[in-house]
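# Understanding the architecture of this molecule
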Amino acid sequence: MIPALDITVLTTLFEARDPALTFFFENVTFFGNAMTIFVLAALLVLTHCIQRHGAYMLALLTAVIGSSFATVVIKFAFERPRPDHWFWAVPEVGYSMPSAHAALSLAFYGFCIWI
């Protein structure tokens, strides 16, 4: 059931792919990239250190590092493969679920909204 649904959804999205939208979302996804999140988190931690907000710094580190660790553990627990390469808009490696982009973005940007 799920593999058949996956193929249907992937095929539908692939056929509807628009180069301009693909370019736009490739740039948007940069803000969910692990390196981008870690650099922004480091800058925010530095800001909290300077302002002596230790609790915020600890909470941010816990959210980002915990999210990163949990994502890796869950990926290896589920071992859900990525779709075939011809469906890719950008190359990725490793298992597909859960999304590290989504998990890290939620942890970091959600924390920023919270503070």
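One can find the structure itself at the top, above this paragraph.
Presented here is an overview of the structure given in this document. Model, not experiment: these values are computed from the prediction.

Further remarks concern the overall build of the chain. When its secondary structure is counted, the chain shows five helices and zero strands. Start at the N end of the chain and walk to the C end: the helices and strands fall as α-α-α-α-α. Relative to the globule expectation of 13 Å for 115 residues, the C-alpha radius of gyration of the chain, 17 Å, shows a markedly less compact shape. Counting only C-alpha atoms, the chain reaches 50 × 35 × 20 Å along its principal axes. Counting over 115 residues, the chain shows a buried share of 17%. Computing the positive centroid from 5 side-chain charges and the negative centroid from 7, the chain places the two 13 Å apart.

Further remarks concern the nonpolar core. Counting residues in hydrophobic clusters, the biggest one holds nine residues: Ile-37, Ala-41, Leu-44, Val-45, Leu-60, Val-64, Leu-104, Phe-108 and Phe-111. Top element by residues in this core is helix α3 (residues 34-50). It accounts for four residues. In contact with Leu-60, other than residues within four places in its own chain, are Ala-41, Leu-44, Val-45, Phe-108 and Phe-111.

Looking now at the environment of Tyr-95. As for its placement among the helices and strands, Tyr-95 is situated in the loop between α4 (54-78) and α5 (100-114). Assessed through its relative accessible area of 28%, Tyr-95 is described here as partly exposed. Along the primary structure Tyr-95 and Arg-17 are separated by 78 residues, whereas in three dimensions their C-alpha atoms are 23 Å apart. Beyond its immediate chain neighbours, meaning those up to four positions away, Tyr-95 contacts Lys-75, Phe-76, Glu-79, Arg-80, Pro-81 and Arg-82.

Running from N to C, α3 and α4 cross one another at 165°; their axes reach a closest spacing of 9 Å. With respect to α4, the axis of α3 lies roughly antiparallel. At the point where α3 passes α4, the crossing takes the left-handed sense. Here Ile-37, Phe-38, Ala-41, Leu-44, Val-45, His-48 and Cys-49 of α3 lie close against α4, whose contacting residues are Tyr-56, Met-57, Leu-60, Leu-61, Val-64 and Ser-68. Counted by class, the contact of α3 with α4 contains 11 nonpolar, two polar and no charged residues.

The next point concerns a nonpolar patch on the surface. Taken together, the side chains of Leu-21, Phe-24, Phe-25 and Val-28 make up a nonpolar region of the molecular surface, amounting to roughly 390 Å² of accessible area. Turning to its location among the elements, Phe-25 is positioned in helix α2 (residues 19-28).

The rules behind these values
Sequence order as written defines the numbering, with residues in each chain counted from 1. For this predicted model, a pLDDT threshold of at least 70 governs which residues receive local features, and a threshold of 80 or more governs which side-chain atom pairs are given and counted, while totals over whole chains, interfaces and linings are taken from all residues. Processing note: side-chain calculations cover all non-hydrogen atoms of the structure and skip hydrogens and water entirely. In DSSP terms, a helix is any run of H or I states spanning at least four residues, a strand is any run of E spanning at least two, and both are numbered starting from the N terminus. Using C-alpha atoms as the atom set, the radius of gyration is obtained and then compared with a globule rule of 2.2 Å times the number of residues to the power 0.38. Burial classes follow relative accessibility: with a 1.4 Å probe on protein chains only, a residue under 20% of its type's maximum area counts as buried, one over 50% as exposed, and anything between as partly exposed. Under the counting rule used here, the positive set is Lys and Arg, the negative set is Asp and Glu, and His together with the chain ends is not counted. A single reference atom marks each charge: NZ on Lys, CZ on Arg, CG on Asp, CD on Glu. Think of a nonpolar core as a cluster: buried Ala, Val, Leu, Ile, Met, Phe, Trp, Tyr and Cys residues, connected wherever their side-chain atoms sit within 4.5 Å. Contacts between residues were defined by any pair of non-hydrogen atoms, one from each residue, lying within 4.5 Å. Axis geometry follows a simple rule: fit a line to the C-alpha atoms, using only the stretch in contact for helices, then measure angles between N-to-C directions, giving values from 0 to 180 degrees. Roughly parallel means an angle under 35 degrees; roughly antiparallel means over 145; roughly perpendicular covers 65 to 115; every other angle is labelled oblique. Should the near helix be turned counterclockwise from the far one by less than a right angle, the crossing is left-handed, whereas a clockwise turn marks it as right-handed. Here the nonpolar group is Ala, Val, Leu, Ile, Met, Phe, Trp, Tyr, Cys and Pro; Asp, Glu, Lys and Arg are the charged ones; every other residue, Gly included, is treated as polar. A residue counts toward a patch only above 30% relative accessible area and without a salt bridge, and it is joined to like-charged neighbours within 9 Å or, for Val, Leu, Ile, Met, Phe, Trp and Tyr, to nonpolar neighbours within 5 Å. Note on areas: Shrake-Rupley, 1.4 Å probe, and residue coverage restricted to the protein chains presented here. Within this document, salt bridges are pairs made up of a side-chain nitrogen of Lys or Arg and a carboxyl oxygen of Asp or Glu, the two lying within 4 Å of each other.

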